[in-house]
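# Examination of the molecular architecture
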Amino acid sequence: MTARHLIRILSLAAALGLWQLLTALDVSVWLRFEQFPTVVDVAREFGERVGSQAYWQDLTDSLSRIVTGFALAAVAGVAVGTAIARSRLAADLLGPVLEVLRPIPAIALVPVAILLFPSNEQGIVFITFTAAFFPVMVSTRHAVRALTPVWEEAVLTMGGGRWRVLGSVVLPGALPGILGGLSVGIGVSWICVISAEMISGEYGVGYRTWQDYTVVDYPGVFVGMVTIGALGWLTSTAVEVLGRRVTRWLPRTESRTDAPMPRRSPARRPRRAPSGVPAPESLSGLPDREPLTSTKEA
């Protein structure tokens, strides 16, 4: 275990210890902790729910919704973003509509999803798709437009066509920006899918968390929050690991703290001058000679 891992574990332990202390002492100074469950209460409730079938059913439903919506958004976002960046016609046709829809929060589309789709399941997937689509699309569009045109001209000069340019230059060059959009999109998707489950869902972690709140089961509420945080962290880590795998050809930069210290080369001995020739460093120590005077002036 490295020092960094130890620091992270201690940081998490300190946060849990502070939570336990504030709730056990019923601290109420502006922030009211007397109604909060303690860490022990949440851990006990979590242990009971992990052993039930309903917990895993909710977890499976939420994961299936997030994976389906995010996968569709990743494909559509990359395709639409590339088309808008590469084609004026696509930018004129799709750009104005998307720019009007982009500021609308995905959770505000819940009434539209209820009216549009025949089932709540499809509506929640649609909201998840919408939440992840716009970050991926915008990141792809900016990444493609930022590419150096010299690469494309080189492929065209060697006889490559548009599809060759797209597969060899555009997508590989824009891949770091696309991965950034995917990382943002997965986080926004979790926010919206949980909110949609709370509003119109029948199963899922968000639905169960809201039901626990309505029956004043606060340990159950915190179990849902911990589950949502763990699922979000796992999916975000999976996206980052996948991004590192597909971009192994990119140069990696190490931080200053992690980079090894450069080794000092041993000091070199000064060269010995040939016999009869003074060394360069000895010339600097010679006194300045007075200018020669002619014999006539003497």
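Data block above holds the structure.
No experiment lies behind these values; they were computed from the predicted model shown.

## Concerning the layout of surface pockets
Here the largest pocket is characterised by a volume of approximately 330 Å³. Around the largest pocket sit Thr82, Ala83, Arg86, Ser87, Glu152, Leu156, Arg162, Trp163, Val165 and Leu166, which together line it. Breaking the lining of the largest pocket down by element, the ones donating at least two residues are α3 (53-86), α7 (149-157) and α8 (162-200). When residues of the lining of the largest pocket are assigned to their parent elements, the largest contribution, 4 residues, is made by α8. Looking at the second largest pocket, its volume works out to about 180 Å³. Around the second largest pocket, the lining residues are Leu98, Leu101, Ile104, Leu109, Val112, Phe126, Phe129, Thr130, Phe133 and Phe134. Elements represented by at least two residues in the lining of the second largest pocket include exactly α4 (88-101) and α6 (120-145). Sort the elements by how many residues they give to the lining of the second largest pocket and α6 lands first, with 5 residues. Of the residues in the lining of the second largest pocket, the class split is 9 nonpolar, 1 polar and no charged.

## Some points on α4
Spanning 14 residues, α4 covers 20 Å between terminal C-alpha atoms, matching the ideal 20 Å at 1.5 Å per step. Largest kink in α4: about 40 degrees, centred on Leu94, with the proline Pro96 one to four residues after it. Near the N-terminus of α4, the side chain that reaches the backbone nitrogen of Leu89, with its oxygen 3.4 Å away, is that of Ser87.

## Observations regarding the environment of Tyr218
Relative to the helices and strands, Tyr218 is located in helix α10 (residues 218-246). Along the sequence, Tyr218 and Val42 sit 176 residues apart, while their C-alpha atoms lie 8.6 Å from each other. For Tyr218, the residues in contact, after removing those within four places along its chain, are Gln35, Pro37 and Tyr213.

## Thoughts on the nonpolar core
In terms of nonpolar packing, the biggest core is built from 46 residues, with Leu98, Ile127, Phe133, Met137, Leu182 and Trp190 touching the most fellow members. Elements represented by at least two residues in this core include exactly α3, α5 (110-116), α6, α8 and α10. Counting residues per element, this core draws most heavily on α8, at 13 residues. Leave out the neighbours within four places in its chain, and Ile127 touches Ala106, Val110, Ala113, Cys192 and Ala196.

## Looking at unusual backbone geometry
Notably, Trp30 is not glycine yet its phi reads approximately 70 degrees, a positive angle. The exposure class of Trp30 is exposed, given its relative accessible area of 81%. Unlike most non-glycine residues, Val216 shows phi in positive territory, near 60 degrees. Mapped onto the fold, Val216 is located in the loop between α9 (205-214) and α10. For Val216, a relative accessible area of 53% gives the class exposed.

## Some points on the side chain of Arg141
Relative to the helices and strands, Arg141 resides in helix α6. Residue Arg141 is classed as buried on the basis of its relative accessible area, which comes to 12%. Setting aside residues no more than four positions away along its own chain, Arg141 makes contact with Gly81, Ile84, Ala85 and Glu99.

## Description of the packing of α3 against α6
How two helices sit against one another is set out by the angle between their axes and by the gap between those axes. The geometry of α3 relative to α6 is characterised by a closest axis approach of 6 Å and an angle of 35 degrees between their N-to-C directions. Read as a crossing pair, α3 and α6 show a hand that is right-handed. The residue inventory of the contact of α3 with α6, partitioned by class, reads 18 nonpolar, 7 polar and 5 charged.

## Here we look at the pattern of salt bridges
Under the defined criterion, the tally for this structure stands at 9 salt bridges. Between Asp58 and Arg208 there is a salt bridge whose closest N-O contact spans 2.7 Å. In this pair, Asp58 sits in helix α3 while Arg208 sits in helix α9, placing the two residues 150 residues apart along the sequence. The class for Asp58 is buried, based on a relative accessible area of 4%. On the basis of relative accessible area, Arg208 is assigned to the partly exposed category, the value being 29%. When salt bridges with common partners are traced through the structure, they connect Glu45, Arg49, Asp212 and Asp217 into a single cluster.

The rules we used
- Residues numbered from 1 in each chain as written.
- Predicted model: local features only at pLDDT ≥ 70, side-chain atom pairs only at ≥ 80, totals over all residues.
- Heavy atoms only, no water.
- 1 Å grid on protein atoms, 1.4 Å probe; cavity = no way out; pocket = protein on both sides within 12 Å on 5 of 7 lines; lining within 4 Å.
- Points joined across faces, edges and corners; volume = space filled by probe spheres on them.
- Helix = DSSP H or I, 4+ residues; strand = E, 2+ residues; numbered from the N terminus.
- Nonpolar A, V, L, I, M, F, W, Y, C, P; charged D, E, K, R; others polar.
- Expected span 1.5 Å × (residues − 1).
- Bend = angle between axes of the 7 residues up to and from the residue.
- Polar contact = N/O pair within 3.5 Å; in protein donor to acceptor, adjacent residues only side chain to side chain.
- Contact = heavy atoms within 4.5 Å.
- Core = buried A, V, L, I, M, F, W, Y, C linked by side-chain atoms within 4.5 Å.
- Buried < 20%, exposed > 50% of the residue type's maximum accessible area, 1.4 Å probe, protein only.
- Axes fitted to C-alpha atoms, helices over the stretch in contact; angles between N-to-C directions.
- Left-handed = near helix turned anticlockwise from the far one by under 90°.
- Salt bridge = Lys/Arg side-chain N within 4 Å of Asp/Glu carboxyl O.

Nothing here speaks to function; it is geometry throughout.
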